[in-house]
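Chain and residue survey
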Amino acid sequence: MKSARFSPSIAASVVGALLLGMTAAAVVGPGAVDSYAASGTALPIAHFAHLVVDAPHGHLYISGGAGTDGILVTDLDGGNATTISGEQGATGLALSADGTTLYAALPYEDAIAAISTADLTESARYGTGAGTHPDSPAVAGGTLWFGYGTAGAGGIGSVDGAGTVTLRQDSGSWAGPPTLATTPTPSGVLAAATQTGDTSAFVTYQAQGGALTRQAAKALPVPDLSDFAVTADGQHLAVSSWANPSDVRYRTSDLSVDGRFAMPVAAKAVAVAPDGTLAGCACNGYEFEAFPETGEGFYREYGFDYPLRLAAHGLAWAPDESRLYGVAVDASGGTPTLTVVRTPETAPVRLLGSATDQLAPGETYAFRAGFDAPLSLGAGESMIPGTVRITRYDDTDPDGVLVPDPTATPARSPVDFFGSYQVVDTAPLTGPLSFRVDYSGGGHYGPAVRTFDVPVAKYAPTIALTGPDTGGRAAPLTVTGRLGWPHAHVRTGAVHVVKSDLAHPRGYSVGAVPVAADGTFAVHDTPQTGGANTYSVTYDGGTSYLPVTASQTVQVSRATPGLSVTTDAKSYRSGATVKITAHLGTTYNSRLVTLYAQPAGKSRTVLKSGKVDAHGNLVASYKITRNTVFSAAFAGDYRYAPRTVTTGATLTPTVRTQLQYPLRTTRIGSTTYQVFYKSEVNLGFNLQVTPRQAAGCTSVYVERYSSGAWHQVTSQKCVPLYSDGWYGYVRALKLFTSNDRYRVRGLYTPPAKGAQTGSVRSGWTYFTVRPGSLE
């Protein structure tokens, strides 16, 4: 089963098993992070093609491909850059078996350059023929081999010790220039490959005496060939693919599947160290990893700064495996950046710890230290290699005392992948407890140090209270409770009760109550004050437990007081003063009343607040401008409940009326009539309302006197007033019967919703119409 612990997603089972109730007080040394973001060095070239490490001479050789005119040379840290000039468009690089010569493919020059690694000068140039475009040199079996050709046709060529170039060293055909790879140390194994649509064609060879002997040829499921490598022993191929990543090993003898690598090989590059360790990426291309050929897991993961990603052919090992080099580029292939990794074959270790949950003073506990790392144990290993020291710190030994023989538990699945160490002891009676775990490191695992604080505290019991929600004043009530412990409890401590009510808002002690053997108790009381009566129950914990408090509130009944509010009238004209009187009946210890006014459409405001007089009254005045609701509120006291009452007052608008241009007046009986003549054509009746609302309306009614009574003859219903508050009603005089008696009046109606005044009718205005004219 594959595993990738200590990666960005640690195995949940490990965390759940080992991190119970623990607080990491300090993390020291390696193993404090999951991945390593190595700082990068920007390379002074526009693009990247290939990388070769020359440790004996302290050099890195870096080519840039098309558009470059030299090969970049740096020290082993990527600094002190210089350039081997005159190597136009150099791509693939390879070192000779003795390390004295660097070979550089010059596809745009149809040549391969030989460069002295001692003085960094070109010692020879081998022409490969017009249009051959050589690339991907590799040294195997004492001969320099290279792939050449263009899309659609390619082959494998060689350069012997005398400098003789030979093409078509492979009898087969190639769909393009093949990429070559060989072992990290001199051997006769050579592999070649080129992409052919959705697959890639691979051929393996034995190189000897300047000739190639085919071992196997096969199409492998690699739709995006960018890099591949031959393992250190020459027995297998590691093929990188982003589209189809796989951990499959292909045997070089027949290209069949032969086991699996420790991690999948994905992204753009793969490289093999002389000891067999691989470098590649089982991730998204923004990182790379070092991992063993077989087994499970990896040593460490290294990240690039976004948006840089691992470049094709961008990984290389130092010959002694002390360093690993990675080159990243941006999406366009530019901004080459070099990352140098030191000790790449050492996996970081994270120390984990657990202890008995909720540890009490003097209680027996078990502390266990475990490990996590991205690299699994090797075959036959039952414990992580190295030594472990556990030091205990408490009030008795503040400088620490070494635990002599912690119990070791071998590795097991699905937790304790690396084994663990356990300490069994008794918690101190006072003060803190902590353990420092020192791991020395060993094999491919780095050292780690971590301190764990073990929580030691008295247990906190629980209190559950039960009581009535309501009760009667001066009537007995009971609140019952039960104490609960997380384990078999020690009978110690007492339960104390504090009661608060309206008369005692800060509370007062009602004493201690006994606790039965099963943890139950009861509080008995006969409340004399109404309202909220709260019983706060505290268990003091005694000598063995933490104190704990709970409360129960009972709403005790109160009598309803007599309360009223009145005004000296029900309707008022605008600007009139309203007299408001609140009357309070019998209460116990409060005579405070507050009067409020809330005009229509506005917020409530306080008119007056204070004690009522000897007659139980509180009086206030208010100048009314619109319909208003007045309220009186009593806040309640120890025995009488709060109460609020309301009353309303209506504002009656003022109405002005006039008939337009009557020519004279006359009296009929005791009533004065306005006289109009039909020659005037129209009768006009004007009506003005103050105050009024824009959404209000007016109606006009006209009546005629006949048969001893008034009868409506016409009307105009609910029309809006003009913006100045007036409304004009016009009717043709010819519609009136000559010499009959008439009267007219208006009615203002406020809006149905949000009315700020009442409605109002005007008085009757009397008129008669005469035939002809005044002349």
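Structure report, in brief. (Residues numbered from 1 in each chain as written. Predicted model: local features only at pLDDT ≥ 70, side-chain atom pairs only at ≥ 80, totals over all residues. Heavy atoms only, no water.)

Going from Y306 to P307, the amide bond is cis rather than trans, its omega being 10°. Along the chain, P307 turns up in the loop between β26 (300-303) and β27 (309-317). A cis amide bond, omega -15°, links T690 with the succeeding residue P691. Its location among the elements puts P691 in the loop between β57 (682-690) and β58 (697-706). Its identity as a non-glycine residue notwithstanding, E321 has a phi of 60°, on the positive side. (Helix = DSSP H or I, 4+ residues; strand = E, 2+ residues; numbered from the N terminus.)

With respect to topology, four strands assemble into an open sheet ordered β23-β24-β25-β26, the strand pairing being antiparallel. Each of the sheet's edge strands pairs with one partner strand only, and the pair in question is β23 (271-272) and β26. (Pairing = 2+ DSSP bridges.)

For the rest of this paragraph, the subject is the pattern of salt bridges. Overall, the coordinates contain 18 salt bridges when judged by the stated rule. In this structure, the salt-bridge partner of E87 is R125, at a minimum N-O distance of 3.4 Å. Linking E87 in the loop between β6 (82-85) and β7 (93-95) with R125 in strand β10 (residues 122-127), this pair joins segments that are 38 residues apart in sequence. Of the charged contacts, one joins D394 and R392 as a salt bridge, the two residues approaching to 2.6 Å between their closest N and O atoms. Across this residue pair, the class does not change: D394 and R392 are buried. (Salt bridge = Lys/Arg side-chain N within 4 Å of Asp/Glu carboxyl O. Buried < 20%, exposed > 50% of the residue type's maximum accessible area, 1.4 Å probe, protein only.)

Counting residues in hydrophobic clusters, the biggest one holds 49 residues, and the most contacted among them are F367, F371, I390, F435 and Y445. Look past the residues within four positions of Y445 in its chain and what remains in contact with it is T346, A347, V349, A373, L375, S376, L377, I384, P385, F418 and Y439. Counting 22 residues, the second-largest nonpolar core is a separate cluster that includes Y572, A597, F630 and Y640. (Core = buried A, V, L, I, M, F, W, Y, C linked by side-chain atoms within 4.5 Å. Contact = heavy atoms within 4.5 Å.)

What follows concerns the state of the cysteines. Under the defined criterion, the tally for this structure stands at one disulfide. Here C697 engages in a disulfide with C718; their sulfurs sit 1.7 Å apart. The sign of the S-S torsion, about -80°, decides the handedness of the disulfide formed by C697 and C718: left-handed. Residue C697 is located in strand β58, and its partner C718 is located in strand β59 (residues 709-719); the two are separated by 21 residues in the primary sequence. For C697, a relative accessible area of 8% corresponds to the buried category. Judged by relative accessible area, which is 46%, C718 ranks as partly exposed. (Disulfide = S-S within 2.5 Å.)

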